[in-house]
Amino acid sequence: MSIVKINVLTVPEEQRETLEKRFAARAGAVEGSDGFEWFELLRPVEGTDTYLVYTRWRTEEDFQRWMTGRGQAAHGGGGAQGGAQGDRPKPAATDATLWSFEVVQQTGPKQA
């Protein structure tokens, strides 16, 4: 079965709009990657400043290939393509943690 990666981002309230706009501007950046299955950006509703970035992949190897290729560039590690590090905008998140899960059960709506 698939694997799930959840990037846990601490985002101060004044940076929420910035974070969401940056994700919207990157729409399509991961969808064409081999093994990619799903993406969701989850906004906190109450009591926390933590956003969750949910991605689902066919295999760990597919995720690692994306991280060392397109993912590295999308997260600021793409050395040759960008300008100087000082040209990059300040991160909207103040902290980030990556959680990894293996899907062991899944279900969806019943088909009529």
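In the block above lies the structure referred to throughout.
Residues numbered from 1 in each chain as written. Predicted model: local features only at pLDDT ≥ 70, side-chain atom pairs only at ≥ 80, totals over all residues. Heavy atoms only, no water.

**Q** Is there a simple way to think about the sheet that holds strand β2 (residues 36-42) in this case?
**A** Working definition: the strands of a sheet are paired by backbone hydrogen bonds and lie parallel or antiparallel to each other. Strand order in the open sheet formed by 4 strands is β2-β3-β1-β4, and the pairing between neighbours is antiparallel. This sheet does not close on itself; its edge strands, each paired only once, are β2 and β4 (95-102). Averaged over all pairs of adjacent strands, the angle between their axes in this sheet comes to 15 degrees, without regard to strand direction. Looking at chain direction, β2 and strand β3 (residues 50-57) are connected through 6 bridges and run antiparallel. (Pairing = 2+ DSSP bridges. Helix = DSSP H or I, 4+ residues; strand = E, 2+ residues; numbered from the N terminus. Axes fitted to C-alpha atoms, helices over the stretch in contact; angles between N-to-C directions.)

**Q** Honestly, the pairing of strand β1 (residues 3-10) in this entry has me stumped. Any pointers?
**A** The buried count for β1 comes to 6 of 8 residues, which makes it a mostly enclosed element. The sheet contact formed by β1 and β4 spans 8 bridges and is antiparallel. Among the inter-strand pairings, I3 is bridged to a residue of β4, identified as E102. (Buried < 20%, exposed > 50% of the residue type's maximum accessible area, 1.4 Å probe, protein only.)

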